[in-house]
Amino acid sequence: MLGRKRAEALVRMAMEEAAAALARGDDPYGGVIADREGRVLVRDGNRENTERNPCAHAEMVLIREACAKLGRNDLSDCLLVCNYRPCPMCAAAMVQAGIREIYIGSAAPDFPALLMKTAGSYAEMGITVTGGILDEACAAQVRAGREQRAKEREAGTGKESGSGAPCRAGSLEAPADGR
């Protein structure tokens, strides 16, 4: 397990990647894959719109990049850090890649239940989830980013792929947990 200071530093990197994603016309999600000591292997953000690929969520991009960099599919000696709770697709990909440590910047009380639905008993698989590392900052970033993307869509200036609807929450205005 990472210490609090290193976890916060990695979440800040994830937030930087989320800001870069938003600046290029993607949704405000970012992350980092690091080794167990917290040394960064890859960092990136959501690329759904710029790649025109509904599967190019930040976590999926990170897993793809880390596997390519390491030359293997097994990321069991890595951890993943993201600014906001992962969706079901990304959770399943993390499990498939063998990631056993997940750090989430926002509070994510529902994420363990999502992992249970996705992967069975995540505790039996040895997966640890630490959420709420920089909760207010990450939730505010995602909220503001969603509002910006909604305004871009309304004005017809935003890049779009698929439906444009976020899968991490029920609406653009507020995630399911009210953030």
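Going by the annotation in an unreviewed UniProt entry, the name recorded for the protein is Nucleoside deaminase, with Anaerotruncus massiliensis given as the source organism.

Draft legend 1. Layout of the environment of R72. With respect to the helices and strands, the residue R72 is situated in the loop between α2 (58-70) and β3 (78-82). Once the C-alpha coordinates of R72 and A97 are considered, the two residues, 25 residues apart in sequence, prove to be 9.5 Å apart. With near-sequence residues (within four places) excluded, R72 lies in contact with C67 and D77. Within the structure, the side chain of R72 is placed 2.2 Å from the backbone oxygen of D74, a separation counted as a polar contact.

Draft legend 2. Representation of the pairing of strand β1 (residues 30-35) within the structure. Burial within β1 is extensive, with six of its six residues counted as buried. Sheet analysis places β1 next to strand β2 (residues 40-45), joined by five bridges and oriented antiparallel. Looking at β2, one finds that G31 is bridged to D44. Looking at chain direction, β1 and β3 are connected through five bridges and run antiparallel. Each residue of the ladder has a partner; that of V32, found in β3, is V81.

Draft legend 3. Spatial organisation of the sheet that holds strand β4 (residues 101-104). Across the sheet, which stays open at both edges, the five strands sit in the order β2-β1-β3-β4-β5 with mixed pairing between neighbours. The outermost strands of the open sheet, each flanked by one partner alone, are β2 and β5 (128-131). Across this sheet, the average inter-strand angle for adjacent strands is 15°, counted without regard to direction. The strands touched by α2 within the sheet are β1, β2 and β3, with β2 carrying the most contacts at an inclination of about 145°.

Draft legend 4. Quick look at the pattern of salt bridges. Evaluation of the coordinates by the stated rule reveals 14 salt bridges. As a salt-bridge pair, D35 and R39 come within 2.8 Å of each other at their nearest N and O atoms. By relative accessible area, D35 is classed as buried at 13%. Among the residues examined, R39 registers a relative accessible area of 52% and is labelled exposed.

Draft legend 5. Representation of the nonpolar core. Core analysis: the largest hydrophobic core is formed by 25 residues, its most contacted members being I33, I63, L75, M94, I99, I102 and F111. Elements supplying a minimum of two residues to this core: α2, β3, α3 (88-97), β4 and α4 (111-119). For this core, the leading source of residues is α3, giving six residues. Other than its neighbours up to four places away in sequence, I99 contacts I33, I63, L75, C78, L79, L80, M94 and I127. Listed in part, the 14 residues of the second largest apolar core include V11, M13, L79 and L134.

Draft legend 6. Up close: the side chain of Q141. The topology assignment puts Q141 in helix α5 (residues 135-155). We classify Q141 as buried; its relative accessible area is 17%. Discounting residues that sit within four places of it in the chain, Q141 has contacts with M15, A18, A19, P28 and N83.

About the cut-offs
Within each chain, residue numbers correspond to sequence positions counted from 1 in written order. Owing to the predicted nature of the model, reporting of local features is limited to residues with pLDDT of at least 70; listing and counting of side-chain atom pairs is limited to 80 or more, with chain, interface and lining totals taken over all residues. To get the side-chain values, all heavy atoms of the structure are used, and hydrogens and water are removed first. In DSSP terms, a helix is any run of H or I states spanning at least four residues, a strand is any run of E spanning at least two, and both are numbered starting from the N terminus. When checking whether two residues touch, look at their non-hydrogen atoms; a contact exists if any pair is within 4.5 Å. Distance and chemistry together define a polar contact, namely a pair of N or O atoms within 3.5 Å, with one atom able to donate a hydrogen and the other to accept it when in protein, and with adjacent residues in sequence counting only for side-chain atoms on both sides. Each residue is placed in one exposure class: buried if its accessible area under a 1.4 Å probe, protein chains only, is under 20% of its type's maximum, exposed if it is over 50%, and partly exposed if it falls in between. Strands qualify as paired when DSSP identifies two bridges or more between them. A fitted line through C-alpha atoms serves as each axis, taken over the contacting stretch for helices, and the angle formed by two N-to-C directions is quoted from 0 to 180°. In what follows, salt bridge is the name for a side-chain nitrogen of Lys or Arg lying within 4 Å of a carboxyl oxygen of Asp or Glu. The criterion is simple. A nonpolar core is a set of buried Ala, Val, Leu, Ile, Met, Phe, Trp, Tyr and Cys residues joined through side-chain atoms within 4.5 Å.

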